[in-house]
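Observations on the model geometry
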Amino acid sequence: MYNRRKFIQTTALGISAALANNTHAATTSARSPIVISTWDAGLEANKAAWTILSNKGRALDAVEKGVMVTEDSLNCCVGLGANPDRDGYVTLDACIMDEAFNCGAVAFLERIKHPVSVARKVMEKTPHVMLVGEGAQQFALAEGFLLEPQQLSEGAREAYAEWLKKSNYHSPRINVENKKEHGPFAPAKLSNGEWNHDTIGMLAMDAMGNLSGSCTTSGAGFKMRGRVGDSPIIGAGLYVDNQVGACVATGQGEDVIRVAGASAVVEAMRSGKSPEAACRSVIERVIRIKKEAAKNIQVAFLAIDKNGNTGAFAIHPGFNYALRTNSEEKLITGKSFFK
Ligand code: SD4
């Protein structure tokens, strides 16, 4: 069956590769590279991205290799070590986008270690943008990815057992202050007893001045089976327009999707706003829509413009992001609407 599909896909790919040749969008001016990524796990991820960027590599390779570190890490809750859905299965979402509007995504993917790399294969080897569930897994296996064991990490097993006591399906903020709550957006408990977030989004500009972005997540812990958040959705969790800038989102995915978050931030930058002001304008839109409920949800946007200026804005305090340039490597506290 897969072979027949592969034939159809390869035929269509010829057409799509011709159509996808959006090289007009790429810039050619020499720039100082920069990489930014969400939450503190971004510091480690940025190091891997920097190895590529500092050697004049492509931003696309940097944002893939960067977040793979987080997907791999047992000390982080992105990837297979993360909290499961409420039926006890870890399901992963990821996407990637380059400087020429090429993009790929996977959602509801199980037992594959590097969803971001599968997303890149979807982008490069199929005529499609997104594959989900069983089909995404089948595609990954055909591309040589390994089927990993179906077992929870120690931290996730513990957190899941705790959550099952109440099976309370509500959504506390994603920040560390709420770590005692085991709702769908609580940070996850690690085997070392610490808590971490379940998403990393990364944006990079390479020495050619080209932008790319990636996002990978286990989504909301203890989510309904089949739930997909914003992270793998191009335009919601991630968007890149090389002529304008790029944005990645984290937080309660449902409220990012309803405002087409990352795309809305890029549009705000197109109309002249700085990255921070653009992020703020879309955060304020979410707050206007959610009204009182905004007090109990967290959404944060992180953005970079075509000149390498960066900025972020969140609904609540607690969001931070990691930045790496030729001269700096640091964690920055994002500003927020509520103090
Ligand atoms: C989601 N946006 O699945 C993700 C969750 C997240 O830090 O960003 N957590 O809705």
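What follows covers the site of the ligand. Inspection of the region around the ligand gives 14 residues, with Asp198, Arg227, Asp230, Thr250 and Gly251 positioned closest. Thr250 places a polar side-chain atom, nitrogen or oxygen, 2.7 Å from an oxygen atom of the ligand. Here an oxygen atom of the ligand sits 2.9 Å away from a polar atom, N or O, in the main chain of Gly253. Isolated, the ligand exposes 290 Å² of accessible area, and the fraction of that covered by the protein chains is 100%.

Contact geometry for helix H4 (residues 115-125) and helix H5 (residues 133-142): axes closest at 10 Å, N-to-C directions at 85°. Judged on the interaxial angle alone, H5 and H4 are roughly perpendicular. On H5, the residues touching Val118, Lys121 and Val122 of H4 are Ala136, Phe139 and Ala140.

Glancing now at unusual backbone geometry. If you check the backbone angles, Arg111 has positive phi at about 65° while not being a glycine. Position of Arg111 among the secondary structure elements: in the loop between strand S3 (103-109) and H4. We classify Arg111 as partly exposed; its relative accessible area is 25%. With phi around 45°, Ala260 is a residue other than glycine that occupies positive phi space. With respect to the helices, strands and loops of the structure, Ala260 is situated in the loop between helix H7 (253-257) and helix H8 (261-270).

All right, on to H4 then. Of all eleven residues in H4, eight are buried, a share of seventy percent or more. Where H4 is buried, its residues touch helix H3 (59-72), strand S2 (92-97), S3, strand S4 (130-132), H5 and strand S8 (211-217).

A word on the sheet that holds S3. In space, the eight strands of this open sheet follow the order S4-S3-S2-S8-S7-S1-S13-S14, with mixed pairing throughout. The strands lining the two open edges of the sheet, one partner per strand, are S4 and strand S14 (329-333). Pairs of neighbouring strands in the sheet enclose a mean axial angle of 10°, with direction left out of account. Of the pairings in the sheet, the one linking strand S13 (residues 320-324) to S14 comprises five bridges and is antiparallel in character. Its bridge partner being in S14, Tyr321 is matched across the sheet by Ile332. Contacts from helix H2 (residues 42-53) reach strand S1 (34-38), strand S7 (199-205), S13 and S14, with the element oriented near 155° to S1.

Take the side chain of Asp255 next. By secondary structure assignment, the location of Asp255 is in helix H7. Within the structure, the side chain of Asp255 is placed 2.9 Å from the side chain of Gln252, a separation counted as a polar contact. Within the local environment of Asp255, its side chain forms a polar contact with the side chain of Lys290, the two groups lying 3.1 Å apart. Other than its neighbours up to four places away in sequence, Asp255 contacts Val286, Lys290, Ile297 and Val299.

Here we take up the sheet that holds strand S9 (residues 238-241). An order of S9-S10-S11-S12-S15 is seen for the five strands of this open sheet, with the pairing classed as mixed. For this open sheet the edge positions go to S9 and strand S15 (335-336), each flanked by a neighbour on one side alone. Pairing between strand S11 (residues 299-305) and strand S12 (residues 310-314): five bridges, direction antiparallel. The residue bridging Ile304 from the neighbouring strand is Thr310, located in S12. The strands that helix H9 (residues 275-290) touches are S11, S12 and S15; relative to S12, the one it contacts most, it runs at about 20°.

Once that is clear, we can look at the packing of aromatic side chains. For the structure on display, the rule yields six aromatic pairs. A ring pair is formed by Tyr160 and Trp163, whose centres lie 6.3 Å apart and whose planes are at 10°; its orientation type is stacked. Note that Tyr160 and Trp163 are positioned in helix H6 (residues 154-166) at a spacing of three residues, about one turn of the helix. Judged by relative accessible area, which is 4%, Trp163 ranks as buried. Arranged with centres 6.2 Å apart and planes meeting at 15°, the rings of Tyr160 and Phe222 form a pair that is stacked. Within this pair, whereas Tyr160 is found in helix H6, its partner Phe222 is found in the loop between S8 and S9, the two being separated by 62 residues in sequence. As far as the burial class goes, Tyr160 and Phe222 line up, both buried. Members of the aromatic cluster, joined through ring pairs, are Trp39, Phe319 and Tyr321.

What follows concerns the pattern of salt bridges. Applying the stated rule across the entire model yields 22 salt bridges. A salt bridge links Asp241 to Arg270; the nearest nitrogen and oxygen atoms lie 2.9 Å apart. Of the two residues, Asp241 sits in strand S9 while Arg270 sits in helix H8, which places them 29 residues apart along the sequence. We classify Asp241 as buried; its relative accessible area is 5%. One salt bridge in this structure joins Glu292 and Lys295, with 3.0 Å as the shortest N-O distance. Look at Lys295 and you get partly exposed, because its relative accessible area is 38%. Several salt bridges share partner residues, and in doing so they unite Asp61, Glu64, Lys65, Arg120 and Glu124 into one network.

What counts, and where the lines are drawn
- Residues numbered from 1 in each chain as written.
- Predicted model: local features only at pLDDT ≥ 70, side-chain atom pairs only at ≥ 80, totals over all residues.
- Heavy atoms only, no water.
- Near = heavy atom within 4 Å.
- Polar contact = N/O pair within 3.5 Å; in protein donor to acceptor, adjacent residues only side chain to side chain.
- Areas by Shrake-Rupley, 256 points an atom, 1.4 Å probe, with all protein chains shown as cover.
- Axes fitted to C-alpha atoms, helices over the stretch in contact; angles between N-to-C directions.
- Helix = DSSP H or I, 4+ residues; strand = E, 2+ residues; numbered from the N terminus.
- Parallel < 35°, antiparallel > 145°, perpendicular 65-115°, else oblique.
- Contact = heavy atoms within 4.5 Å.
- Buried < 20%, exposed > 50% of the residue type's maximum accessible area, 1.4 Å probe, protein only.
- Pairing = 2+ DSSP bridges.
- Phe/Tyr/Trp six-rings, centres within 6.5 Å; stacked < 30°, edge-to-face > 60°.
- Salt bridge = Lys/Arg side-chain N within 4 Å of Asp/Glu carboxyl O.

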